[in-house]
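Structural characterization, general
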There are 2 protein chains.
Amino acid sequence: MSDAPLTDRGSAPADRSASSAAFSPLYQQIKGLLLQSLDRGEWKPGESIPSELELAARFQVSQGTVRKAIDELASENLLLRRQGKGTFVATHHEAKVRFRFLRLAPDDGKQSVSGSRILDCRRVKAPADISTLLELRSGEAVVNMRRLLTFDQTATILDDIWLPGAVFRGLTAESLGRYRGPLYGLFESEYGVSMVRAEEKIKAVSASDDQARLLQVAPGSALLQVERVSYTYGDRPMEVRRGLYVTERFHYRNSLN
Amino acid sequence: MSDAPLTDRGSAPADRSASSAAFSPLYQQIKGLLLQSLDRGEWKPGESIPSELELAARFQVSQGTVRKAIDELASENLLLRRQGKGTFVATHHEAKVRFRFLRLAPDDGKQSVSGSRILDCRRVKAPADISTLLELRSGEAVVNMRRLLTFDQTATILDDIWLPGAVFRGLTAESLGRYRGPLYGLFESEYGVSMVRAEEKIKAVSASDDQARLLQVAPGSALLQVERVSYTYGDRPMEVRRGLYVTERFHYRNSLN
DNA sequence: CAGTGGTCTAGACCACGTG
DNA sequence: ACGTGGTCTAGACCACTGC
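I will try to describe carefully the structure that is included in this document. Since this is a predicted model, take the numbers as computed values, not measurements. (Residues numbered from 1 in each chain as written. Chains lettered and ligands numbered in written order. Predicted model: local features only at pLDDT ≥ 70, side-chain atom pairs only at ≥ 80, totals over all residues. Heavy atoms only, no water.)

Quick word on the pairing of strand β6 (residues 141–151) of chain B
Residues and elements named next belong to chain B. What counts, and what does not: For each residue, the accessible area found with a 1.4 Å probe, counting protein chains only, is set against the maximum for its type, and the residue is called buried under 20%, exposed over 50%, and partly exposed in between. Numbering of helices and strands starts at the N terminus; helices are DSSP runs of H or I of at least 4 residues and strands are runs of E of at least 2. By the convention used here, strands pair only if DSSP detects at least 2 bridges between them.
Here β6 lies mainly inside the structure; nine of its eleven residues are buried. Sheet topology places strand β5 (residues 114–125) next to β6; eleven bridges connect them, and they run antiparallel. Bridged to Cys 121 within β6 is Met 145. Counting the residues between successive antiparallel strands, the hairpin from β6 to strand β7 (residues 154–164) contains two residues, one of them, Asp 152, with a positive phi of roughly 50°.

Here you go:
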């Protein structure tokens, strides 16, 4: 604990009582630095981050302060603590985590086999509503893909997905067709985009003729419409997804606390 | 701080290394004791609980341990910390909290005036599905009420609510009619039931003729169907609520973390 | 000013996972 | 046996609230 250069700290331990005017606790500053490292890709999804003692040394604070910063990141599901092993960066490549964002569950509780069929994937100029949601300049390029998800051979979800074109270069129907696994896992590994949080708006709508045909239900059937905006580190929107769910034998589950 | 009887602690500070076999950290035990006090009504909704130092003395542990127990209860929204003032028992009598359980929001973001009309309220023998969800013996008495919620004079939510009859004695259409405010606030003040958590299952359905008439939409319109089971302390189910939402100008909002 | 919760530290010890 | 995160303590000091 000598006078090592505080490469990761803006201020020395002394001037901590800035009083009034935007007071920010130390552990929040540490949390910010950890977030920067995550965003920068210093530690990749699935990897472990340095131990609490190492981080404490690096940031010149006590272990307890680092711990509190990590606690918050863990409670936001950005990090995962495993006693005896270390702290790991959350990843969408895990069976357990696949249902963190997919809230549709079978009414009878039985697990089912899922399948995905890409309907199309094109690069287009962003429509006004999409560019607003993705915080892009109007007319900027986006990737638009549509896919059909099935459970036990039954068409259940029709997704219409929009991604910023500048980030998702080289994403084509073909590359998607080759890939097996959760889409957010692909985004992580191939494009360095970690989805960290999402907001959903849900409505009930009637199926159009096209939608009814694809989902193999009667035209005019009631469908669940889910509009999702997903965010990566720093609350940067990275995906707009409009899903239509057939809720005949499935339901959207939610917990209120 | 002498050798007061440890009325609230099963074990002395010494035997804390029971090792293996159901090891439970001290702060979890403290959390359990706090939950018991809340359940027992020792501190009522809206009131403050004893200070951390008082509780530490009572339970014969350090302030830090009490703090960690309270931290968890606060993160579950059972308690509310207010710096400089104290820690308070959460209550549904607060404008802020009214939207903790109501997830329906207007598409245009504008606040609207809400109204409630009780359609009927009867005591009946519980149907099989309800008694299962409420963990009652089959045929036990329940209160069944239906109501219509409006926003800006527009019918929007049709609720069908089931409550255990043994707990909600004296709940009638008349007493409900007199009451102004959130239903969960009434449950708190009049029946000592604090709703703490809820699980929802959401589907899209088509409006029946009766439902369509009450909600003033076309028969067959798509509606959001929300089935909620609400729990009080100790995960005891205390309400089943089946709601039908008109999502023409409103949406169900949800955050995924 | 006193009392409350909030932050930060330093150190001891425990539980877990891996050699 | 060692290193990791998890618990618990004791004490100092800070920020907010209300008298």
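A closer look at the sheet that holds β6(B)
Threshold: Fitted lines through C-alpha atoms serve as axes, helices being fitted only where they are in contact, and the angles separating the N-to-C directions of these axes extend from 0 to 180 degrees.
Read from one edge to the other, the open sheet built from eight strands follows the order β4(A)-β11(A)-β8(B)-β9(B)-β10(B)-β7(B)-β6(B)-β5(B), with strand pairing classed as antiparallel. Two strands close off the open sheet at either side, each with one partner strand: β4 (104–106) of chain A together with β5 of chain B. Pairwise comparison of adjacent strand axes, ignoring direction, gives a mean angle of 25° for this sheet. Where β4(A) and strand β11 (residues 250–256) of chain A come together, three bridges link them in antiparallel fashion. Pairing of Ala105(A) across the sheet is with His251(A), part of β11(A).

As for the environment of Glu76(A)
Heads up, the rule is: It only takes one pair of heavy atoms within 4.5 Å for two residues to be counted as in contact.
Here Glu76(A) lies in the loop between α3 (63–75) and β2 (79–82). Spatially, the C-alpha atoms of Glu76(A) and Arg197(A) are 8.6 Å apart, while their sequence positions differ by 121 residues. Glu76(A) has contacts with Lys31(A) and Asn257(B), leaving out every residue within four places of it along the chain.

Structural notes on the protein's contact with DNA strand D
Formally: The near set for a molecule or strand comprises every residue that places at least one heavy atom within 4 Å of it. Pairs of N or O atoms within 3.5 Å make up the polar contacts considered here, provided that, within protein, one atom can donate a hydrogen while the other can accept it, and that residues adjacent in sequence are counted only when both atoms are side-chain atoms.
Neighbouring DNA strand D are 21 residues, the closest being Gln83(A), Leu26(B), Ser62(B), Thr65(B) and Lys68(B). In the environment of DNA strand D, a phosphate oxygen lies 2.9 Å from a nitrogen or oxygen atom belonging to the side chain of Arg81(A). Between Tyr27(B) and DNA strand D, the recorded distance is 2.8 Å, taken from a side-chain N or O atom to a phosphate oxygen. Counting residues per element, the ones that place at least two in the surface near DNA strand D are β2 and β3 (86–89) of chain A together with α1 (26–40) and α3 (63–75) of chain B.

Some points on the relation of the copies chain A and chain B
Selection rule: Superposition of the copies used a least-squares fit over C-alpha atoms from residues whose pLDDT is at least 70 in both.
Superposing chain A onto chain B requires a rotation of 180° together with a translation of 0.0 Å along the rotation axis, leaving an RMSD of 0.0 Å. What the superposition gives is, in effect, a two-fold axis relating one chain to the other.

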